[in-house]
Amino acid sequence: MPRRNRFITVLLLVIGFSISIVIGLSLGLALAATKNIQSLENLQEHKPALPTQILDRNGKLITQFFSDEKREIVSIDEIPKHLINALLTREDEYFYKHHGFRLMYIIGAAWDIITGRSFRGGSTLSQQLAGHLYTDRSDISLNRKIVELWWAIQLERQYTKNEILERYLNLMYFGHNTYGVEAASQFYFKHSVRDITVAEAAILVIQLASPGRYSPINHPNRARKMQRVILDQMVSLGYVSQAETDQSFAEYWENYDYTRSNITSAWFEREDKAPYFSEYIRQRLEEHILGSMDLYKEGLVVHTTLDLELQEIADRVMSKWIRWVNNQHQSQAESRMQYADITFLPIADLLSLTFNIENIRFAGIKQKAVAKQVYLKDINPLTDIFASIFGIENLKYTSRIAYAKESYLSKKTQVEGALISIDSQSGHILAMVGGRKFESINQFNRAVQAKVQPGSAFKPLYYSAAISSKSLTASSMFMDAPIFFWNDDGTPYVPLNYKGEWKGRVLLRTALSRSMNIPSLKVLDTIGFDAAITRTSRMLGFTDPEEIERIFPRKYPLGLGIITVSPLQMARAFATFPNQGREMEPLAIRFVEDRNGRLILELEKEIRAKQMRARKSLQIMSPQAAYIMTSILQSTVETGTLRYAGSTVGGFDRAIAGKTGTTQNWSDAWTAGFTPQMTTAVWFGFDRRGYSLGINLTGATCAGPAWAEYMHQAHEGLPVVDFTKPTSGLIEATVCAVSGLLPTKYCNEGVINEIYLTGTEPRKFCDIHKYKFDRSVVMKENIKNSILLGANLFEDLSLPETDSLFLEELEETSEYQPEELTNPLLD
């Protein structure tokens, strides 16, 4: 009896609830005609969230930014019919027959709420769209259902069925931060929704109800089962044949990629042709528009400076050389380990066994290390796939731990690389590679964020201060020999050259092009720390006095590049030379438009206006000094440390200049260089400091060839132009190749043509070869006099024929007459 009473009570409640809904609808429709004009206007003005588009300098799409809504609008006419059929099968079979709601759906939902059963929803597509736009769908209540119902009726009155369907398909959430069918299709299937298959359509529509539960990426087995259910329902409704669904279903799972199991968001799966550059742009945009607009929803169009064709070259070149450098580094390490294994480990193990010293026992350790590497590299990816296929969460957790361990170890053993290329005149960033593959565990942009020592690539910066000061010229002579310097704190500093070699007398041009340490430190000593730090800090873009004081030590190792900088800063500094000595400010964003094409940010215009106001203050060095430095750095490519790099690409057919750099312990390898069109810096090294690339991996042998290959390919099709030479303020002179002074007739080791700032050209004649010649003549005369003296002592003896011939030879080779010489031996 109580059960029957309860049933009657529930039935009366349902009937009462249904009557109240009918009355409410009637009242709502009456009010809608008179008092909800403003609400209808809001309905029409609703703007869907759109991602920000990032374009290169030629208008090509690089990527899109989105946060919780990755979306791209497509017309209902472009959406395949079988996707619409799959949607109607799953969500609303009577969509084209009702007027926004179905009473039976509502009664069923009410019954579930009253009886305490799981809430099934009971919403039509129109109600779902209305709820998405105008209510909080997480609110499981009758009040929300009534509000949702009212808005659904307004949608039906305002739009056609196809217009409602188009909005639904473009706005609804499909999991993994994707909104709309186009974004979802691109994320899940790597192609447009326009090309979606029947099986893929079923996968998409099951994401609507529970994307977390039925994600084909995180839970492929669950998705597979539900997908089969939807396909069978489509067959029963006559939307598609059984044969077609079976074939599509089989093809989908035959080509399924289980390696995507660690992907949790469309952000890391988005198509991005320059991911490191895109992240750099995102950070710059947040600096400029934070608080004023939503970067991820407003549908902004960002016009950048990147050139996708150059970016493609940079990606290809750096991928090749990062792989090559890693192979070389590993080969060197294995060679050293093999030598240690053969030579020392047997001895250590013998001592360990003989004297029972456990701490030095190595037996089995190497095998364990090898097994560990095999597991992390080869077995763990298979374990991850296996865990995804069979839904074994504990195994998947173990796999993720192994991935984290591999990431940590790679920072110590994997060589990274970076490339940054900018326009030599405008500062536009043309290409950027921040490391190996950009992914969730590798987002550190080494091209911009790395702080590493530049080594000898730093030298041209303070050499330019020496040229500007007029205290030194390109032909100033230095003695490359052992020496020590005294730091300001009284400590001595004894530098060494590469491999401990000394060259004796060298000119400044040769010292820089061949990266000699001793002459370079003598250049630093000549101009002083103040001039060197002022010049180099400004070229690198440092402006804060406290930061400059902290970064630039007033000690002689500064001259060998012990400060820390990024590749972008080095490219900025080197671009000062082809930019005729003017300060270079790298630029990535030209201007930004809103979704309607209205300009909201013009960064390039602002920078150019600031530069126009500054004018002379932007001149770091004179155009004449910049031209001389460019000429010296051209020698690096022609005869110096970049000569080998140039040979790897068959030489250059245009004006090009640059400098290599290798830091202490061979930790970092650099090359930075430029043409009149572009300036590029390349770096190789480790994320964790203190590790060595090895003696054979230097700026000249790895960074140089990578730089040369990129520059060679990047300039294909560009006009061949020379560096701009100032029309005044420069003078050329022929000087002795050894002393750098005006040549005399005794300079028998060659002469060179050199360029100078007007007034700094040599005025003195070379005295080195005159002195050498005088010494040779004196020696010859002494030998002659000795022979004659010996003959006078023995007058009765005739001079041997051999001595007579020798005297004749001395007369022929001597350009001085004997009486003109002062013979110290005879005096």
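Procedures and definitions
Residues numbered from 1 in each chain as written. Predicted model: local features only at pLDDT ≥ 70, side-chain atom pairs only at ≥ 80, totals over all residues. Heavy atoms only, no water. Helix = DSSP H or I, 4+ residues; strand = E, 2+ residues; numbered from the N terminus. Buried < 20%, exposed > 50% of the residue type's maximum accessible area, 1.4 Å probe, protein only. Contact = heavy atoms within 4.5 Å. Areas by Shrake-Rupley, 256 points an atom, 1.4 Å probe, with all protein chains shown as cover. Phe/Tyr/Trp six-rings, centres within 6.5 Å; stacked < 30°, edge-to-face > 60°. Polar contact = N/O pair within 3.5 Å; in protein donor to acceptor, adjacent residues only side chain to side chain. Pairing = 2+ DSSP bridges. Axes fitted to C-alpha atoms, helices over the stretch in contact; angles between N-to-C directions. Salt bridge = Lys/Arg side-chain N within 4 Å of Asp/Glu carboxyl O. Patch = residues over 30% accessible without salt bridge, like charges linked within 9 Å, V, L, I, M, F, W, Y side chains within 5 Å. pLDDT = per-residue confidence, 0-100. Core = buried A, V, L, I, M, F, W, Y, C linked by side-chain atoms within 4.5 Å. Disulfide = S-S within 2.5 Å.

1. A few points about the overall build of the protein chain
A count of helical and extended segments in the protein chain gives 28 helices and 16 strands. Of all 827 residues assigned to the protein chain, the portion counted as buried reaches 50%. Taking as baseline every contact in the protein chain between residues at least 6 positions apart, the subset at least 24 positions apart corresponds to 71%. Split by element, the accessible area of the protein chain, about 40600 Å² in all, is 54% carbon and sulfur.

2. Comments concerning the packing of aromatic side chains
All chains considered together, the criterion is met by 19 aromatic pairs. Considering the side-chain rings of W321 and W324, the 5.1 Å spacing of their centres and the 65° angle between planes classify their relative orientation as edge-to-face. With a gap of three residues between them, W321 and W324 both fall in helix 13 (residues 308-343), about one helical turn apart. Overall, W321 belongs to the buried group, its relative accessible area being 10%.

3. A word on the side chain of E593
For E593, the position within the fold is in strand 10 (residues 589-593). Within the structure, the side chain of E593 is placed 3.0 Å from the side chain of H303, a separation counted as a polar contact. In this view, E593 contacts L300, V301, H303, R598, L599 and I600; residues no more than four positions away in its chain are not counted.

4. Remarks on the sheet that holds strand 10
Hydrogen bonds between backbone atoms are what pair the strands of a sheet, whose relative direction is either parallel or antiparallel. Taking strand neighbours across the sheet as the criterion, the five strands line up as 2-1-3-10-11 in an open arrangement whose pairing is mixed. Strands at the two margins of the open sheet, each flanked by one partner only, are strand 2 (61-65) and strand 11 (599-601). Adjacent strand axes in the sheet meet at a mean angle of 25° when their direction is disregarded. Sheet topology places strand 10 next to strand 11; two bridges connect them, and they run antiparallel. Along strand 11, the bridge assignment pairs E593 with L599. Set on the sheet, helix 12 (residues 275-289) makes contact with strand 1 (52-55), strand 2, strand 3 (301-304), strand 10 and strand 11; between it and strand 2 the angle comes to about 55°. Packing against the sheet, helix 23 (residues 603-614) makes contact with strand 10 and strand 11, and its axis sits at approximately 135° to strand 10.

5. Section: the pairing of strand 14 (residues 678-685)
Of all the eight residues making up strand 14, eight are buried; the element is thus mostly covered by neighbouring parts of the structure. Going residue by residue along strand 14, you find M678, T680, V682 and F684 tucked away on one face and T679, A681, W683 and G685 tucked away on the opposite face as well. Sheet topology note: the strand 4 (residues 416-423)/strand 14 ladder contains eight bridges and is antiparallel. Its bridge partner being in strand 14, D423 is matched across the sheet by M678.

6. Describing the sheet that holds strand 13 (residues 669-674)
Read across the sheet, five strands follow the order 5-4-14-13-12 without closing on themselves; strand pairing throughout is antiparallel. Strand pairing shows two members of the sheet lacking a second neighbour, strand 5 (429-433) and strand 12 (657-662), which therefore form its edges. Going from strand to strand, the sheet's axes swing by 5° on average, the running direction of each strand aside.

7. Describing the pattern of salt bridges
Taken as a whole and assessed by the stated rule, the structure comprises 25 salt bridges. Its salt-bridge partner being E309, residue K60 comes within 3.6 Å of it at the nearest N-O pair. Of the two residues, K60 sits in the loop between strand 1 and strand 2 while E309 sits in helix 13, which places them 249 residues apart along the sequence. In this structure E309 comes out as exposed when scored by relative accessible area, which is 51%.

8. What to know about the environment of Q611
Mapped onto the fold, Q611 is located in helix 23. Linking Q611 and E583, residues 28 residues apart in sequence, is a C-alpha distance of 9.4 Å. Look past the residues within four positions of Q611 in its chain and what remains in contact with it is E585 and L618.

9. Points about a nonpolar patch on the surface
A cluster of nonpolar side chains, F484, W486 and V494, forms an exposed patch at the surface whose accessible area comes to about 360 Å². Here F484 is to be found in the loop between strand 6 (477-480) and strand 7 (485-486).

10. Here's the deal with helix 26 (residues 699-714)
Counting buried positions over the 16 residues of helix 26 gives 13, a clear majority of the element. If you check the start of helix 26, you find a side-chain oxygen 3.3 Å away from the backbone N of A700, and it comes from T698.

11. A closer look at the confidence of the model for the protein chain
A residue-level look at the protein chain finds 70% of positions with pLDDT of 70 or above and a mean pLDDT of 80. Long-range and interchain partners of residues 29-44, a stretch whose pLDDT sits below 50, account for 20 contacts in this model, where long-range means more than four residues apart. A low-confidence stretch, residues 337-342 (pLDDT under 50), is modelled with four contacts involving residues beyond four sequence positions or located in other chains.

12. Focus: the nonpolar core
Soluble globular proteins: nonpolar side chains tend toward being buried together. Among the nonpolar cores identified, the biggest contains 92 residues, and F277, I281, L285, I429, L540 and F552 are the most heavily contacted of them. Setting aside residues no more than four positions away along its own chain, I281 makes contact with I54, F65, V302, T304, A588 and I589.

13. Considering the state of the cysteines
Under the counting rule described, the total for this entry stands at zero disulfides. C747 takes part in no disulfide bond, and the closest cysteine sulfur to it belongs to C766, at a distance of 3.6 Å. Owing to a relative accessible area of 11%, C747 belongs among the buried residues under this scheme.

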